[in-house]
Amino acid sequence: MTDTALRQGAPDRTRVITWLQDYGVYAAVAALLLFNAAFTPHFLAVDNFRTQLVQVTPIVIVALGMALVIGTEGIDLSVGSVMALAASVVALYLGYGALPAIAMAVLAGALVGAAGGTLVAVVGVQPIVATLALLVGVRGLANVFLPQLKEFTNPTLVALGSDSVAGVPIVVIVAVVLTAAVAFLVKRTTFGRQLVAVGGNRAASRLSGLPVRRVLMTVYILSGMLAAVAGVLATSRLQASDPTSLGLFMELSAITAVVVGGTPLTGGRIRVLGTVMGALLMQLLQATLIKHNLPQSWTQMAQAVIILAAVYAARERR
Amino acid sequence: MSVSSPVLEAVGALKVFPGVTALDRASFALGQGEVHALVGENGAGKSTLIKVLTGVYRLDEGEIRYRGERVEFSNPLEAQRAGISTIYQEVNLVPQMSVARNLFLGREPRGRFGLIDFARMRERASEILRGYGVRADVRRPLGSLGLGAQQMVALARAVQADARVVIMDEPTSSLEPREVDKLFRTIAELKAQGRSVIYVSHRMEELYRICDRVTVLRDGRLVHTGPLAELERLRLISLMLGRDLAEVAAEGLTKFSGQHHSHAAPILQATGLRHRHVLDDVSLAVRPGEIVGLAGLLGSGRSETAKAIAGALPLDSGEVVVAGERVPGGSVAAAIRAGINLLPEDRKAEGIVPTLSVRENIVLAALPRLARAGIVSEGDVDRVVQKFMRRLRIKAAGPGQRVSELSGGNQQKVLLARWLAMNPKVLLLDEPTRGIDVGAKAEVQALIDELAGDGLAVLLISSDLEELVEGSDRVVVLRDGAVAGELDGAGVTEDKIMAAIAGDNDD
């Protein structure tokens with residue numbers, strides 16, 4: 001008996017780590033839910049769930065795009081500014097109606113993504129530098145278009161932010177649909193497979209005839225569009241366009257969600273559902289601590305611990 | 001036959017990975033002052049043995065003894081501190097740091113206040129490296145040196161540490177012949193000082209030149225250990241392969257059948273390929289069913305010729321024609337559409353996608369053909385993967401296994417499968433058997449032969465002259481980016497190729 005125990009000592013540890021990498025984030029979300037169900041009064045109320053989900057929606061949508069970019073061994077720091085740009089563009093075009101305004105905002109996001117994609121794929125600038133430039137510049141652009149906060153009363157846009165269908169807020173439905181679409185894109189399409197290959201080994205992908213530039217370009221455009229959608233949803237919920245502070249530090253929340261969800265920063269692998277769970281975990285953690293009257297500083301430190309745990313688990317894979 | 005007092009020893013070593021027994025109660029003993037060859041096919045357990053000896057892995061059962069005492073190194077650093085240095089196949093130093101810093105990494109000469117004494121470090125570094133024939137500014141980053149020079153720095157570093165045992169894993173794979181001589185001299189010195197060397201290599205001549213004893217592993221088990229000089233070369237190979245001696249003798253050392261006569265018109269015609277400083281008017285043609293060898297020294301433009309034909313190297317002038325149609329230059333996708341597929345030289349850097357499975361790696365290039373409206377048809381993918389895994393006898397736990405977990409030979413087969421799935425007309429193979437073990441080498445060679453037999457045009461680049469001579473119907477020899485000669489039929493011999501490379505074929 002000791003014999004076999006000895007033999008299995010090492011693989012057991014590997015197995016635990018592998019399991020944690022694959023399911024750790026789900027287990028953590030489940031554990032937090034159970035804890036709250038037991039110890040937090042009124043946590044299981046429908047209203048509370050709705051609030052949590054609505055709050056996490058923009059992060060989830062931005063993180064989906066971020067996961068795609070990180071899958072190619074890149075990073076997109078411009079997402080928060082793109083949200084702000086989307087907010088100001090919506091305000092500018094709201095006179096033509098809600099739908100044209102939303103379309104223009106998403107187009108603006110795509111254009112910013114195309115700029116980032118061009119810098120990365122064609123010019124060859126490192127993603128972190130290229131998108132850092134956009135983070136600064138696009139925030140400025142958003143403020144040029146709309147210098148200060150502007151409230152609106154367009155009924156369609158207001159409804160988008162506050163209405164529900166069968167009890168589920170529209171913004172949450174949008175996030176679910178986008179998650180399913182991105183998961184399908186990654187798992188089932190040629191583009192998705194090529195994307196992870198480009199992230200896993202760019203030289204090999206090029207020599208295998210993959211359209212590397214086009215893949216990179218598309219990835220940044222998608223990230224920009226998703227960030228713009230998140231910006232529109234956040235704006236519709238606020239019932240005001242706020243290009244100065246909307247989406248501040250969103251790039252960090254999105255990267256956190258992706259990393260905690262188990263997608264390695266080294267590219268070549270994307271976990272879509274894990275990313276959503278990563279965002280949910282951070283949100284739940286914050287809500288839990290707030291409901292137990294712990295200060296914001298505790299939340300930050302608890303989040304740091306989770307990020308470190310995720311990075312540690314990922315490190316063990318090699 | 002055992003060593004009287006081994007320096008380093010593994011006894012009844014067992015190491016199990018999920019699904020594989022990498023070491024199956026293998027034993028190994030390294031005597032003091034000996035150079036010990038460790039051989040076996042890929043997957044025989046050599047790397048695992050080295051890793052348990054140096055603390056990378058822990059044994060599941062059995063023990064490691066170092067200088068007579070049982071040891072358990074928990075990481076490579078501990079093993080290194082105890083006096084076991086390892087030089088890996090891939091240089092594992094810090095390319096961005098200076099040569100001098102790399103040489104002294106972790107044991108820099110200290111001055112006052114415990115700060116690094118840079119002046120002394122540089123002086124010592126140049127002195128040491130001169131002894132290895134490396135004349136370089138030691139302040140330059142290591143990465144700016146050639147691969148061979150980097151390998152020498154790694155060697156110098158390993159030897160400088162007070163190592164009693166130096167483990168060398170395929171140390172000559174990136175060295176020029178001149179550097180190999182230096183390496184061997186260093187090994188002789190180590191031996192004279194009573195230090196021991198474990199030498200892992202696939203190159204038979206090297207083993208017989210410098211090793212005293214040999215240990216042969218197969219499927220994680222010890223199959224032979226003893227003095228090398230008493231062991232015939234054929235016998236050693238048969239031990240490694242687990243095959244009959246007579247069989248090896250009858251089949252020769254490579255798996256090529258010889259000639260495929262073909263009189264058809266060339267399917268690949270490359271004319272006047274030029275790329276500044278690299279290619280100077282290279283022309284060649286390959287017929288369907290023909291294997292054309294491309295010989296030349298490192299830097300003679302062999303790989304560049306292949307890359308130019310495959311569209312991965314832009315051309316200043318020249319054209320590539322496949323089956324009568326001109327292939328637009330500078331585009332890999334266009335070359336692939338025309339039926340030209342390149343198996344690149346550097347399997348790890350340019351071939352496999354390590355994060356993906358065997359399955360995804362095989363269909364990587366063929367994906368657009370296995371998809372409808374951009375959506376991948378999993379059924380079609382499975383069919384293709386199954387077909388080629390069976391046909392090329394790819395050994396993996398299943399199509400879902402990560403490709404990075406396979407042995408080098410099987411990774412190479414995965415890459416071959418990636419191209420065969422494209423129904424190629426022309427295969428450009430750049431060093432298809434480098435760094436893979438004897439058994440897999442034979443299989444890959446047999447496969448190339450079979451593919452040519454099926455009518456494919458093959459351009460075979462190899463530094464292994466034996467392989468070129470036995471495998472090729474014709475050989476084109478390159479020198480300094482230009483064609484230096486072409487050998488045909490009975491004219492294809494090692495001597496003639498070497499003469500053409502050397503440039504003294506007067507015609």
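Residues numbered from 1 in each chain as written. Chains lettered and ligands numbered in written order. Predicted model: local features only at pLDDT ≥ 70, side-chain atom pairs only at ≥ 80, totals over all residues. Heavy atoms only, no water.

Caption draft 1: Local environment of the overall build of chain A. Helix and strand content of chain A: 13 helices and four strands. For chain A, the C-alpha radius of gyration of 21 Å lies close to 20 Å, the compact-globule estimate for 318 residues. Over its C-alpha atoms, taken along the principal directions, chain A stretches across nearly 75 × 60 × 35 Å. Residue burial in chain A is summarised as follows: out of 318 residues, 51% are buried. Excluding contacts between residues fewer than 6 apart, the proportion of contacts in chain A whose partners are at least 24 apart in sequence is 77%. For chain A, the exposed area adds up to about 14500 Å²; of that, 69% sits on carbon and sulfur atoms. (Helix = DSSP H or I, 4+ residues; strand = E, 2+ residues; numbered from the N terminus. Rg over C-alpha atoms; globule rule 2.2 N^0.38 Å. Buried < 20%, exposed > 50% of the residue type's maximum accessible area, 1.4 Å probe, protein only. Contact = heavy atoms within 4.5 Å. Areas by Shrake-Rupley, 256 points an atom, 1.4 Å probe, with all protein chains shown as cover.)

Caption draft 2: Focus on empty space enclosed by the protein. This structure, assessed with the given rule, holds four cavities of 30 Å³ or more. By volume, the largest cavity is sized at about 40 Å³. Along the walls of the largest cavity sit Ala204(A), Leu207(A), Ser208(A), Leu342(B), Pro344(B), Glu350(B), Gly351(B), Leu415(B), Arg418(B) and Trp419(B), which together make up its complete lining. Taken together, the elements giving at least two residues each to the lining of the largest cavity come down to helix H9 (202-207) of chain A together with helix H12 (347-351) and helix H15 (408-420) of chain B. Looking at the lining of the largest cavity, the element that brings in the most residues is H15(B), giving three residues. (1 Å grid on protein atoms, 1.4 Å probe; cavity = no way out; pocket = protein on both sides within 12 Å on 5 of 7 lines; lining within 4 Å. Points joined across faces, edges and corners; volume = space filled by probe spheres on them.)

Caption draft 3: Looking closely at helix H3 (residues 79-93) of chain A. Helix length check: H3(A), at 15 residues, gives a terminal C-alpha distance of 21 Å against a target of 21 Å (1.5 Å per residue), a fit within 8%. In terms of burial, H3(A) is a largely internal element, 13 of the 15 residues being buried. (Expected span 1.5 Å × (residues − 1).)

Caption draft 4: Layout of the sheet that holds strand E7 (residues 165-169) of chain B. Residue and element names in this part refer to chain B. Read from one edge of the open sheet, six strands run E6-E7-E8-E3-E9-E10, paired in mixed fashion. One side of each edge strand has no neighbouring strand; the edge strands of this open sheet are strand E6 (84-87) and strand E10 (221-227). Here the average twist between neighbouring strands, direction ignored, is 15°. Pairing between E7 and strand E8 (residues 196-200): five bridges, direction parallel. Paired with Val-166 across the two strands is Val-197, which belongs to E8. Across the face of the sheet, helix H5 (residues 147-160) comes into contact with E6 and E7 while running at roughly 175° to E6. (Pairing = 2+ DSSP bridges. Axes fitted to C-alpha atoms, helices over the stretch in contact; angles between N-to-C directions.)

Caption draft 5: Examining the domain arrangement of chain B more closely. Each assigned domain of chain B is listed here: domain 1 (8-250), domain 2 (253-339 + 425-507) and domain 3 (350-423). One C-alpha centre belongs to domain 1 of chain B, the other to domain 2 of chain B, and the line joining them spans 34 Å. (Domains from an automatic or database assignment.)

Caption draft 6: Representation of the interface of chain A and chain B in the model. Tallying the contact residues gives 28 residues for chain A and 35 residues for chain B. Remark: the boundary between chain A and chain B carries three salt bridges. Residues Arg188(A) and Glu378(B) are paired through a salt bridge, measuring 3.4 Å at the closest nitrogen-oxygen approach. Summed over the shared surface of chain A and chain B, the result is 10 residue pairs in polar contact (both at pLDDT 80 or more). Mapped by element, the contributors of at least two residues to the side of chain A that touches chain B are helix H1 (2-39), helix H7 (170-188), helix H8 (190-200) and H9 of chain A. Residue contributions to the side of chain A that touches chain B peak at six residues, all from H8(A). (Salt bridge = Lys/Arg side-chain N within 4 Å of Asp/Glu carboxyl O. Polar contact = N/O pair within 3.5 Å; in protein donor to acceptor, adjacent residues only side chain to side chain.)

Caption draft 7: Looking closely at the sheet that holds strand E16 (residues 340-343) of chain B. Residue and element names in this part refer to chain B. Taken in spatial order, the six strands make up an open sheet running E16-E19-E20-E13-E21-E22, and their pairing is mixed. At either margin of the open sheet sits one strand with a lone partner, and together these are E16 and strand E22 (482-488). Each strand axis lies, on average, 20° off the axis of its neighbour in the sheet, ignoring direction. For strand E13 (residues 291-295) and strand E21 (residues 474-479), the ladder comprises four bridges, and the chain directions are parallel. Counted as the bridge partner of Gly-293 is Val-475 from E21. Of the strands in this sheet, E16 and strand E19 (426-430) are in contact with H15, which crosses E16 at around 170°.

Caption draft 8: View of the pairing of strand E9 (residues 213-218) of chain B. Residue and element names in this part refer to chain B. Across the six residues of E9, five count as buried, placing the element largely inside the fold. Judged from the four bridges that link them, strand E3 (residues 35-39) and E9 form a sheet pairing that is parallel. Bridged to Val-39 within E9 is Val-216. Pairing of E9 with E10 involves six bridges; the strand directions are antiparallel. Counted as the bridge partner of Val-214 is Gly-226 from E10. Adjacent in sequence and paired antiparallel, E9 and E10 are bridged by two residues, among which Asp-219 carries a positive phi angle near 50°.

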